[in-house]
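Structure at a glance
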Amino acid sequence: MAKISELLAAEAIILELAAKEKLGVINELVKPLVESGAITSPEEFFAAIVRRENLESTGIGLGVAIPHARTTAVARIVLAFGRSDEGVDFSSLDGKLSHLVFLIAAPEQQKTDYIVTLARLSKLLRRDDVRAALNKAETPEEVIRVIRENE
């Protein structure tokens, strides 16, 4: 089972998200995963993630959102990370905007790894020190280092 830091490539880290709303942010985070070949059908993946968002908010609170989906349009389990200084409305449980957004893309058949990854990431992001360090990180490599040192 891969660690969070091993599933997140520097190319899939966007320290200043351009999008201001949820679907735009998701689109922005999907792009590097498509370019890397991890997502084989952007349309199918985007449809799956929107279906998931419509079921239940992935804004977990504390300024964090974890949009995620499992679909046949994904070759291997991967993460993307985006940060928004202004914050994006992910309909979080605590009513706050999300500043740290982790997107999880997983193949349909990797249900266990997907659930474990989501649980590990959620646990990590509940820590105040980890969120503070991610908000301060100045490079994609620094984001990965923060995660590696804390997972």
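Located above this text is the structure these notes cover.
Report on the accompanying structure.

Quick word on the nonpolar core
Grouped together as the largest cluster of nonpolar side chains are 26 residues, with contacts concentrated most on V25, L29, L33, F45 and L103. Secondary-structure elements contributing two or more residues to this core are β1 (8–14), α2 (22–35), α3 (42–55), β5 (78–88) and β6 (98–107). With five residues, α2 is the single largest residue contributor to this core. One finds I66, L100, I104 and V146 within the second-largest nonpolar core, a separate group that totals 25 residues.

Examining helix α5 (residues 128–136)
Owing to its 3.6 residues per turn, the α-helix aligns residues three or four sequence positions apart on the same side. If you check which residues of α5 are buried, you get V130, R131 and L134. All buried residues of α5 project into a common sector of 95° when viewed along the axis, lining one side. What points out from α5, more than 90 degrees from its buried face, is the exposed set D128 and K136.

Considering the pattern of salt bridges
Following the criterion strictly, the structure yields eight salt bridges and no others. The salt bridge partner of E53 is K22, with a shortest N-O separation of 3.4 Å. Highlighted residues: E53 in helix α3 and K22 in helix α2, separated in sequence by 31 residues. Of the charged contacts in the structure, one is a salt bridge between E108 and R70, with a shortest N-O distance of 3.0 Å. Taken together, the residues E108 in the loop between β6 and α4 (111–125) and R70 in strand β4 (residues 68–71) connect sequence positions 38 residues apart. According to the relative accessible area criterion, R70 is partly exposed, its value standing at 25%. One connected set of salt bridges, linked through shared partners, spans E142, R145 and E149.

Quick look at the pairing of β5
In terms of burial, β5 is a largely internal element, nine of the eleven residues being buried. As paired strands, β1 and β5 are joined by three bridges and run parallel to one another. By the bridge assignment for β5, I14 is matched with G82. As paired strands, β5 and β6 are joined by seven bridges and run antiparallel to one another. Of the residues in β6, the one forming a bridge with F81 is F102.

Overview of the packing of α5 against helix α6 (residues 140–150)
Packing of α5 against α6 leaves a shortest axis separation of 9 Å and a crossing angle of 165°. On the basis of their axis angle, the class for α5 and α6 is roughly antiparallel. Here α5 runs over α6; the crossing is right-handed. Between α5 and α6, the contacting residues are D129, V130, A133, L134 and K136 on the first element and E142, V143, V146, I147 and N150 on the second.

How each quantity is defined
Residues numbered from 1 in each chain as written. Predicted model: local features only at pLDDT ≥ 70, side-chain atom pairs only at ≥ 80, totals over all residues. Heavy atoms only, no water. Core = buried A, V, L, I, M, F, W, Y, C linked by side-chain atoms within 4.5 Å. Buried < 20%, exposed > 50% of the residue type's maximum accessible area, 1.4 Å probe, protein only. Helix = DSSP H or I, 4+ residues; strand = E, 2+ residues; numbered from the N terminus. Arc of directions from axis to C-beta. Salt bridge = Lys/Arg side-chain N within 4 Å of Asp/Glu carboxyl O. Pairing = 2+ DSSP bridges. Axes fitted to C-alpha atoms, helices over the stretch in contact; angles between N-to-C directions. Parallel < 35°, antiparallel > 145°, perpendicular 65-115°, else oblique. Left-handed = near helix turned anticlockwise from the far one by under 90°. Contact = heavy atoms within 4.5 Å.

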